[in-house]
Amino acid sequence: QVQLVESGGGLVQAGVSLRLDCAASGRTFSNYAMAWFRQAPGKDREFVAAISRSGAYTDYADSVKGRFTISRDNAKNTVYLQMNSLKPEDTAVYYCAADTKFTTREYEYEYWGQGTQVTVSS
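These notes cover the structure that comes with them. The model shown is predicted, which means the values in this text are computed figures rather than measured ones.

The next subject is the overall build of the protein. If you tally the helices and strands in the protein, you get 0 helices and 11 strands. Going from N to C terminus, the protein has its helices and strands arranged as β-β-β-β-β-β-β-β-β-β-β. Here the protein has a C-alpha radius of gyration of 13 Å; the compact-globule value for 122 residues is 14 Å, and the two agree. Taking the principal axes of its C-alpha atoms as reference, the protein extends roughly 40 × 25 × 25 Å. In the protein, the proportion of contacts linking residues at least 24 apart, taken out of those at least 6 apart, comes to 57%. As displayed, the protein has an accessible area near 6,200 Å², and 44% of this comes from carbon and sulfur atoms. Side-chain charges of the protein comprise 13 positive and 13 negative groups, with the mean position of each set lying 3 Å from the other.

The geometry of an aromatic ring pair comes down to the distance between the two centres and the angle between the two planes. Evaluation of the coordinates by the stated rule reveals 5 aromatic pairs. Ring geometry for Y32 and Y111: centres 6.1 Å apart, planes at 75°, overall edge-to-face. In this pair, Y32 is assigned in the loop between β3 (18–25) and β4 (33–39) and Y111 in strand β10 (residues 111–112), connecting sequence segments 79 residues apart. Of the residues examined, Y111 reaches a relative accessible area of 9% and is grouped as buried. Both rings, one in F37 and one in F47, keep their centres 5.7 Å apart while their planes meet at 70°; by these two values the pair is edge-to-face. Linking F37 in strand β4 with F47 in strand β5 (residues 46–51), this pair joins segments that are 10 residues apart in sequence. Among the aromatic residues, those joined into a ring-pair cluster are F37, F47, Y109 and W112. Stacked on the ring of W112, the Lys or Arg R45 has its end atom at 3.9 Å from the ring centre.

What follows concerns the pattern of salt bridges. What the rule picks out here adds up to 8 salt bridges. For the salt bridge of R67 with D90, the shortest nitrogen-to-oxygen distance reads 2.8 Å. You can see R67 sitting in the loop between β6 (58–60) and β7 (68–73) and its partner D90 sitting in the loop between β8 (78–83) and β9 (92–99), a full 23 residues away along the chain. R67 sits in the buried class, given a relative accessible area of 11%. The partner of E108 in a salt bridge is R105, and the shortest N-O contact between them spans 3.4 Å. Through salt bridges with shared partners, one network takes in R38, E46, R67 and D90.

Calculation criteria
Residues numbered from 1 in each chain as written. Predicted model: local features only at pLDDT ≥ 70, side-chain atom pairs only at ≥ 80, totals over all residues. Heavy atoms only, no water. Helix = DSSP H or I, 4+ residues; strand = E, 2+ residues; numbered from the N terminus. Rg over C-alpha atoms; globule rule 2.2 N^0.38 Å. Contact = heavy atoms within 4.5 Å. Areas by Shrake-Rupley, 256 points an atom, 1.4 Å probe, with all protein chains shown as cover. Lys, Arg positive; Asp, Glu negative; His and termini not counted. Charge placed at Lys NZ, Arg CZ, Asp CG, Glu CD. Phe/Tyr/Trp six-rings, centres within 6.5 Å; stacked < 30°, edge-to-face > 60°. Buried < 20%, exposed > 50% of the residue type's maximum accessible area, 1.4 Å probe, protein only. Lys NZ or Arg CZ within 6 Å of the ring centre and 35° of its normal. Salt bridge = Lys/Arg side-chain N within 4 Å of Asp/Glu carboxyl O.

This is how it looks when you write it as structure tokens:
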């Protein structure tokens, strides 16, 4: 089992930056690709960003490309999501996910955190 705990969410104004952290425990962190997904009110959960086990490869949703950066520190068992130039449409619950495969597909991720709320006001 892998346990994932997100932190760093909050209420911010449009245009500012915010960083989300996801701390992992339970298994060898570097054996897992990591990803961030989000779910806005009334919408399906959607892919945001993913990073490979070593951090050498990343992938982003078009809606966040150029504004968000995913990174990881395998020594700290933590994955990060740096969010810059936040927009009201970024408002959502953000979830961290882990799987042995590097993928953007939600259904392929085995482990999930509880989520952290990000609200961006205009």
